[in-house]
Amino acid sequence: MKTLTDEQRNFLMESIRDVPDFPKTGILFKDITTLLNNADAFTLLIEHLRARYESSGLDYIAGIESRGFIFGAALAAKLGIGFVPIRKKGKLPSATIGEKYALEYGFDEVEIHIDAFEKTKEARVLLIDDLIATGGTAAAAAKLIKDAGAQCIEACFIINLAFLGGTDKLAGLTPCYCVLEVG
Ligand code: AMP
């Protein structure tokens, strides 16, 4: 199903657990482990994304560490295409390129293998993560895909914390699709 009904969206939303004050006071953490261990919810989500992207001519899915790996790898296997991890600095073993992004205090950095898309000229890539908050991580990841010689066709998030305006940071970098909206 390319489009979810309100009932299906509600079902997915209710399968995600809210954990107050994690990892620090004032943060309402959206815990997707309860979606993953609900077979009906996980299957509905992956089938929805397969239907949405099966005719998009994608060559790869790039997932952001770490929960983006779970959704991205499951979807890549369904679509019969490759999966590329985007990881925190220092985790990938071969030659990488990196992109820094601002946090509330200081900076963080994500990296990709420089040869991740080498086998496909101007590879068509879907970027995926579980959640977009301020958008800093996803914007850095979208830039990395471009720097590695590929095109980011769309960035997909299971949850958008819309009140933080993170999708605005992706304007001009990539179109964006969010399965569930919060706020
Ligand atoms: P940001 O760069 O601010 O958009 O943060 C996005 C990343 O932080 C994603 O990889 C999310 O998994 C994680 N994240 C941020 N806020 C939350 C939250 N309230 N609940 C769960 N994960 C979060």
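It should be emphasised that the depicted structure is a prediction, and the values quoted were computed from it without experimental measurement.

Now for the overall build of the chain. When its secondary structure is counted, the chain shows five helices and nine strands. For a compact globule of 183 residues, the expected C-alpha radius of gyration is about 16 Å, and the chain comes in at 16 Å, within 12% of that figure. Summarising its shape, the C-alpha atoms of the chain cover approximately 40 × 40 × 30 Å along the three principal directions. When contacts within the chain are restricted to residue pairs at least 6 apart in sequence, those whose partners lie at least 24 apart make up 57%. When the accessible area of the chain is evaluated, it comes to approximately 9300 Å², of which 51% is carbon and sulfur surface. Across the chain, the mean location of the 20 positive side-chain charges is 3 Å away from that of the 25 negative side-chain charges.

Moving on: the packing of helix α3 (residues 39-53) against helix α4 (residues 67-79). Where α3 meets α4, the closest approach of the two axes is 10 Å, and the angle between their N-to-C directions is 55 degrees. As summarised for this structure, α3 and α4 are arranged oblique, according to the angle between their axes. Both α3 and α4 take part in a crossing whose hand is right-handed. The segment α3 lies against α4, with F42, L45, I46, E47, L49, R50 and Y53 engaging I70, F71, A74, L75, K78 and L79. Across the contact of α3 with α4, the residue classes break down as ten nonpolar, no polar and three charged.

Residue P23 follows F22 across a cis peptide bond; omega there is -5 degrees. In this structure, the amide linkage connecting E65 to the following residue, S66, adopts the cis form with an omega of -10 degrees. In this fold, S66 is placed in the loop between β3 (60-64) and α4. Residue D21 is not a glycine yet carries a positive backbone phi of 60 degrees. For D21, the location among the structural elements is in the loop between β1 (17-20) and β2 (28-31). In the Ramachandran plot, E122 falls in the positive-phi region, its phi being about 45 degrees despite a non-glycine side chain.

All told, the structure shown has eleven salt bridges when counted by the stated rule. Residues participating in the shared-partner salt-bridge network are E47, R50, E54 and K78.

A few words on the site of the ligand. Taken together, 14 residues lie around the ligand, and R67, D130, T134, G135 and T137 are the ones closest in. The separation between an oxygen atom of the ligand and a polar side-chain atom of D129 is 2.8 Å. Between the ligand and G136 there is a distance of 3.5 Å, counted from an oxygen atom to a backbone nitrogen or oxygen. For the ligand, the protein covers 81% of the area, taking 480 Å² as the surface of the free molecule. In this structure the site holding the ligand corresponds to the largest pocket. Residue assignment for the shell around the ligand shows that the elements contributing at least two residues are β2, β7 (124-132) and α5 (136-147). For the shell around the ligand, the element with the most residues is β7, which contributes four residues.

Scoring rules and cut-offs
Residues numbered from 1 in each chain as written. Predicted model: local features only at pLDDT ≥ 70, side-chain atom pairs only at ≥ 80, totals over all residues. Heavy atoms only, no water. Helix = DSSP H or I, 4+ residues; strand = E, 2+ residues; numbered from the N terminus. Rg over C-alpha atoms; globule rule 2.2 N^0.38 Å. Contact = heavy atoms within 4.5 Å. Areas by Shrake-Rupley, 256 points an atom, 1.4 Å probe, with all protein chains shown as cover. Lys, Arg positive; Asp, Glu negative; His and termini not counted. Charge placed at Lys NZ, Arg CZ, Asp CG, Glu CD. Axes fitted to C-alpha atoms, helices over the stretch in contact; angles between N-to-C directions. Parallel < 35°, antiparallel > 145°, perpendicular 65-115°, else oblique. Left-handed = near helix turned anticlockwise from the far one by under 90°. Nonpolar A, V, L, I, M, F, W, Y, C, P; charged D, E, K, R; others polar. Salt bridge = Lys/Arg side-chain N within 4 Å of Asp/Glu carboxyl O. Near = heavy atom within 4 Å. Polar contact = N/O pair within 3.5 Å; in protein donor to acceptor, adjacent residues only side chain to side chain. 1 Å grid on protein atoms, 1.4 Å probe; cavity = no way out; pocket = protein on both sides within 12 Å on 5 of 7 lines; lining within 4 Å. Sits in = over half its atoms within 2 Å of the grid points.

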